[in-house]
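Structure assessment
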Number of protein chains: 2
Amino acid sequence: MTAVQGARARARIEITAAIKDEARRQLAADGAAKLSLRAVARELGMVSSALYRYFPSRDDLLTALIIDAYDAVGAAAEKAHATAETDAPRAHLTRWTAVCRAVRAWALAHPHEYALIYGSPVPGYTAPQDTVGPASRTGLLLVSIARAAYRDKGVAPPPLPAPLTGEAARLAAALGPDLPPALSIALVSAWAQLFGLISFEVFGQFNRVVEDRDAFFDSAAERLGREVGLLPKP
Amino acid sequence: MTAVQGARARARIEITAAIKDEARRQLAADGAAKLSLRAVARELGMVSSALYRYFPSRDDLLTALIIDAYDAVGAAAEKAHATAETDAPRAHLTRWTAVCRAVRAWALAHPHEYALIYGSPVPGYTAPQDTVGPASRTGLLLVSIARAAYRDKGVAPPPLPAPLTGEAARLAAALGPDLPPALSIALVSAWAQLFGLISFEVFGQFNRVVEDRDAFFDSAAERLGREVGLLPKP
DNA sequence: GTCTATAACGAGATAGAC
DNA sequence: GTCTATCTCGTTATAGAC
């Protein structure tokens, strides 16, 4: 009996995955705006109404894709972090740039999925609560790098403008106990700016402007890393 | 006869404007995804197919709105630049932050139009040639501020990483003859990062993260301005 | 109970005839 | 400019199959 239920559950999982895979393919082909339940069903040899057993609506399917996309960038970033070289005094900066590059590489390889999570909110846009966990994965990884660097060799955090003292304290408390307030502000700022660089490239704003984009990005990412104090001041 | 043609042309211009106005209203209300030709036509008391005399397709209407949006940010930025206080020695930095604030204010006031131009490319994403002029307006304004600052008091441009020398020379030539190569790179980088900050705020990535967003942005914008050398090194 | 198929409703984009 | 026709879409109700 449990075997039967297990089989059913397995089938359900497989079909759910197949739907998401096909949806992802259409996403890559035509973008989120043109993602159509009917087309997905057609390609899978089902009838459109059957999909509603798996996703209550088109927006729910999109939400699932959003969560998967956040997890995919997060996984790419974490893998880069884990396999980065760790030799001597630039170790933290090396890890930082490795993560930045991984995020950018993923974004360029999956532009439509990237647009789904870091572009304009697509549907009627009510980001469900389920997305906040996966969404913060990459950001928290960047935080952990900075925290490790700070623990290792108390680098001097950047100066903190007076109006931000309260905000900095709140942020630092939320991001981790052993994080200097000024650093927390710098981190969030670097985080947003990093994705600004990637978004401009993925969304075509650099067309006819920046040509050697690898070098441009690497240099910018490293500068961001320096700004959050990943290198000891000489 | 020319009078008749003139009248026709005038009517055409007026109706085109009316269509765009109504489309903009719907855009502001519901976002680009829900912009519907039929609803626009209904509101204007026409029949939907009549719109095709003015815009060959829904995407063409969107393209027109995109161009208008670029022009609107550009105008807001230029106005802020023109009316910013110019009292010594922080004049250039003051102008820079004024422009940044104006762009952010416009974005927060018109989130859906902002999403149209700085979010995910909506249709099949082939940015028509018509958009590149208006699109560069804001960027060129930032360039002009940096150029003025550099002319005034040859500030030291930031260090230029070796792999970027070629790119920097090309960029500087494109952006203006009297611009140090290293500065051109810093400018493009600051430009992308500025919009990264704004996009994260407009698209909700700062929800439950940054609270005092005015102070956060002002401080970040000023730091960006410093990075492109708008203050003489003390 | 859980899935799938049929059929239908309402809304939309677009093309062509008038 | 309008009217009409065609096609696609999201979604739901309903009825039958495992």
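Quick notes on the rules
- Residues numbered from 1 in each chain as written.
- Chains lettered and ligands numbered in written order.
- Predicted model: local features only at pLDDT ≥ 70, side-chain atom pairs only at ≥ 80, totals over all residues.
- Heavy atoms only, no water.
- Least-squares fit on C-alpha atoms with pLDDT ≥ 70 in both.
- Contact = heavy atoms within 4.5 Å.
- Helix = DSSP H or I, 4+ residues; strand = E, 2+ residues; numbered from the N terminus.
- Expected span 1.5 Å × (residues − 1).
- Near = heavy atom within 4 Å.
- Polar contact = N/O pair within 3.5 Å; in protein donor to acceptor, adjacent residues only side chain to side chain.
- Nonpolar A, V, L, I, M, F, W, Y, C, P; charged D, E, K, R; others polar.
- Domains from an automatic or database assignment.
- Buried area = accessible area lost by both parts, 1.4 Å probe.
- Salt bridge = Lys/Arg side-chain N within 4 Å of Asp/Glu carboxyl O.
- Core = buried A, V, L, I, M, F, W, Y, C linked by side-chain atoms within 4.5 Å.
- Buried < 20%, exposed > 50% of the residue type's maximum accessible area, 1.4 Å probe, protein only.
- Axes fitted to C-alpha atoms, helices over the stretch in contact; angles between N-to-C directions.
- Parallel < 35°, antiparallel > 145°, perpendicular 65-115°, else oblique.

A few words on the relation of the copies chain A and chain B. For the match of chain A to chain B, the screw axis carries a shift of 0.0 Å, the RMSD comes to 0.4 Å, and the turn is 179°. Put plainly, the chains are arranged around a two-fold axis. Judged by C-alpha distance, Gly196 of chain A is the residue of chain A that lies nearest the rotation axis, at 1.8 Å. When the interface residues of chain A are mapped onto chain B, 96% of them again lie at the interface, so the same face is used by both copies.

Here the focus is helix α8 (residues 181-202) of chain B. The end-to-end C-alpha separation of α8 of chain B is 32 Å, in line with the 32 Å expected for 22 residues at 1.5 Å each. Looking one or two residues past α8 of chain B, Gly204 of chain B carries a phi angle of roughly 90°, positive in sign.

A separate point is the protein's contact with DNA strand D. Neighbouring DNA strand D are 17 residues, the closest being Leu37, Arg38 and Arg58 of chain A together with Ser49 and Tyr54 of chain B. The contact atoms of DNA strand D, taken as those within 4 Å of the protein, divide so that sugar and phosphate hold 46%. Interatomic distance of 3.3 Å between a side-chain N/O atom of Arg42 of chain A and a phosphate oxygen of DNA strand D. No other element matches the 3 residues that helix α2 (residues 37-43) of chain A contributes to the surface near DNA strand D. Classifying every residue of the surface near DNA strand D by side-chain character gives 8 nonpolar, 5 polar and 4 charged.

Another aspect to go through is the domain arrangement of chain A. Residue and element names in this part refer to chain A. The domain boundaries assigned to chain A delineate domain 1 (1-55) and domain 2 (58-227). Relative placement of domain 1 and domain 2: their C-alpha centres are 31 Å apart. When the buried area of domain 1 at its contact with domain 2 is split by residue, Arg24, Leu27 and Phe55 rank highest and sum to 41% of it. On inspection of domain 1 and its partner domain 2, the count reaches 2 salt bridges. As a salt-bridge pair, Asp68 and Lys20 come within 2.9 Å of each other at their nearest N and O atoms. Our count for the domain 1 to domain 2 interface comes out at 7 residue pairs in polar contact (both at pLDDT 80 or more). Broken down by element, the side of domain 1 that touches domain 2 gets its largest block of residues, 7 residues, from helix α1 (residues 2-30). Looking at the side of domain 1 that touches domain 2, its residues break down into 9 nonpolar, 1 polar and 3 charged.

So, on to the protein's contact with DNA strand C. Around DNA strand C, the surrounding shell holds 18 residues, and the nearest of these are Ser49 and Arg53 of chain A together with Arg38, Tyr52 and Arg58 of chain B. The protein-proximal atoms of DNA strand C, defined as those within 4 Å of the protein, are 50% sugar or phosphate. The separation between a base nitrogen of DNA strand C and a polar side-chain atom of Arg38 of chain B is 2.6 Å. Every element with two or more residues in the surface near DNA strand C is listed here: α1 of chain A together with α2 (37-43) of chain B. It is α2 of chain B that provides the largest number of residues to the surface near DNA strand C, a total of 3 residues. Counted by class, the surface near DNA strand C contains 6 nonpolar, 5 polar and 7 charged residues.

On to the nonpolar core, then. Core analysis: the biggest nonpolar cluster contains 138 residues, and Trp96 and Tyr114 of chain A together with Trp96 and Tyr114 of chain B have the highest contact counts within it. Excluding its chain neighbours within four sequence positions, the residues that come into contact with Trp96 of chain B are Leu142, Ile145, Leu187, Ala190, Ala221, Leu224, Gly225, Val228 and Leu230 of chain B.

Two residues of an α-helix separated by three or four positions point the same way, owing to the 3.6 residues in each turn. Under the 1.5 Å per step criterion, the end-to-end length of helix α4 (residues 91-109) of chain A is 27 Å for 19 residues, consistent within 8% with the ideal 27 Å. Burial analysis of α4 of chain A places 14 of its 19 residues in the buried class, the great majority of the element.

This part covers the packing of helix α8 (residues 181-202) of chain A against helix α9 (residues 213-227) of chain A. All names here are of chain A. The contact between α8 and α9 brings their axes to 10 Å, and the two run at 175°. Taken together, the axes of α8 and α9 lie roughly antiparallel to each other. Of α9, the residues touching α8 (which contributes Ala186, Ala190, Gln193, Leu194, Leu197, Ile198 and Glu201) are Arg213, Phe216, Phe217, Ala220, Leu224 and Glu227. By residue class, the composition of the contact of α8 with α9 is 9 nonpolar, 1 polar and 3 charged.

Turning to the interface of chain A and chain B, a few remarks are in order. Accessible area lost upon the coming together of the parts serves often as the stated size of an interface. Each side of the interface is counted separately: chain A has 46 residues, and chain B has 46 residues. Together, the buried faces of chain A and chain B total about 3,700 Å²; carbon and sulfur atoms form 60% of this surface. The largest contributions to the chain A side of the interface with chain B come from Gln193, Phe200 and Phe216 of chain A, which together make up 14% of the buried area. Remark: the boundary between chain A and chain B carries 4 salt bridges. The salt bridge involving Glu211 of chain A is made with Arg170 of chain B; its shortest N-O contact spans 3.4 Å. Taken together, the connections running from chain A to chain B amount to 15 residue pairs in polar contact (both at pLDDT 80 or more). Counting only elements with at least two residues in the side of chain A that touches chain B, the list comes to α5 (111-118), α7 (165-175), α8 and α9 of chain A. Here the side of chain A that touches chain B takes 10 residues from α8 of chain A, the largest share from any one element. A breakdown of the residues in the side of chain A that touches chain B according to their chemical character gives 28 nonpolar, 10 polar and 8 charged.

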